[in-house]
Amino acid sequence: SLSFMACVVAVAGCTGHLGSLIVQALVKRDAHVIALVRKGTSADKTHKLEHPNVTITEVDYNDVDNLSKALHGATTVVSALQGLRDVIIGVQSTLLHAAEQAGGVKRFIPSDFSIDFFAMPPGLNRNLDLRREFNQQHLDKLSSSSTIQGTSILNGAFLDLLTSRMPILNFDQKKAMYYGDNP
């Protein structure tokens with residue numbers, strides 16, 4: 001397995017399900033993690049992050065300078081933030097600007113953990129459209145002088161969506177959701 005001993009990874013959205021899984025996976029590979037949490041986040045949400053390789057850091061996601069200080073020493077920033085325009089475009093933009101300002105960050109991974117939205121026509125899915133917009137507005141425009149490289153992780157649909165609160169497969173109603181015109 002890969003070891004990330006000399007790697008410091010900052011993770012935003014780490015109190016959520018996906019973010020906490022990312023932190024756990026990084027810790028298993030000996031990475032040092034800066035777990036970014038909103039100021040005032042309760043201990044019951046941060047308790048699961050406690051580990052000798054994890055530094056829990058309270059931040060103001062709307063303050064570039066505050067975030068930049070929190071990112072000091074990180075080589076990679078991973079966003080597992082979830083939300084609509086204010087988060088996917090707004091907060092992630094602030095996080096990216098803070099990563100540029102912090103210096104030393106080489107890679108920014110936005111909260112793109114999904115199907116390949118680049119291959120889908122705009123207008124089919126609001127959440128995918130927001131991710132495409134963030135990439136076009138920010139990652140595609142990182143200057144050649146920037147030391148940061150953007151990386152989208154397009155892992156496909158999460159299988160838990162098959163039967164979750166927004167089920168693709170609804171066994172009770174004997175229905176399946178699908179995208180497109182042809183069933």
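Source: prediction; values computed, not measured.

## Things to note about helix H1 (residues 17-28)
An α-helical segment advances 3.6 residues per turn. Residues three or four places apart therefore align on the same side.
Now for step 1: Taking 1.5 Å of rise per residue, the 12 residues of H1 would be expected to cover 16 Å, and the 17 Å separating its terminal C-alpha atoms lies within 8% of that figure.
Now for step 2: Regarding H1, the residues found buried are Gly-19, Ser-20, Ile-22, Val-23, Leu-26 and Val-27. Summarising the axial view, the buried residues of H1 lie within an arc of 155°, below the 170-degree limit, and thus occupy one face. Facing away from the buried side of H1 by over 90 degrees, the exposed positions are His-17 and Lys-28.
Now for step 3: Looking one or two residues beyond H1, the residue adopting positive phi is Asp-30, at roughly 65°.

## Quick word on the pattern of salt bridges
Now for step 1: Taken as a whole and assessed by the stated rule, the structure comprises two salt bridges.
Now for step 2: Here Arg-85 ties to Glu-133 by a salt bridge, and the two come within 2.7 Å at their closest N and O atoms. Placement of the pair is Arg-85 in helix H4 (residues 85-102) and Glu-133 in helix H5 (residues 126-139), with a sequence separation of 48 residues.
Now for step 3: Among the salt bridges present, the one from Arg-132 reaches Asp-129, with a minimum N-O distance of 2.7 Å. Here Asp-129 and Arg-132 lie together in helix H5, a separation of three residues that amounts to about one turn.
Now for step 4: We classify Arg-132 as buried; its relative accessible area is 8%.

Calculation criteria
Residues numbered from 1 in each chain as written. Predicted model: local features only at pLDDT ≥ 70, side-chain atom pairs only at ≥ 80, totals over all residues. Heavy atoms only, no water. Helix = DSSP H or I, 4+ residues; strand = E, 2+ residues; numbered from the N terminus. Expected span 1.5 Å × (residues − 1). Buried < 20%, exposed > 50% of the residue type's maximum accessible area, 1.4 Å probe, protein only. Arc of directions from axis to C-beta. Salt bridge = Lys/Arg side-chain N within 4 Å of Asp/Glu carboxyl O.

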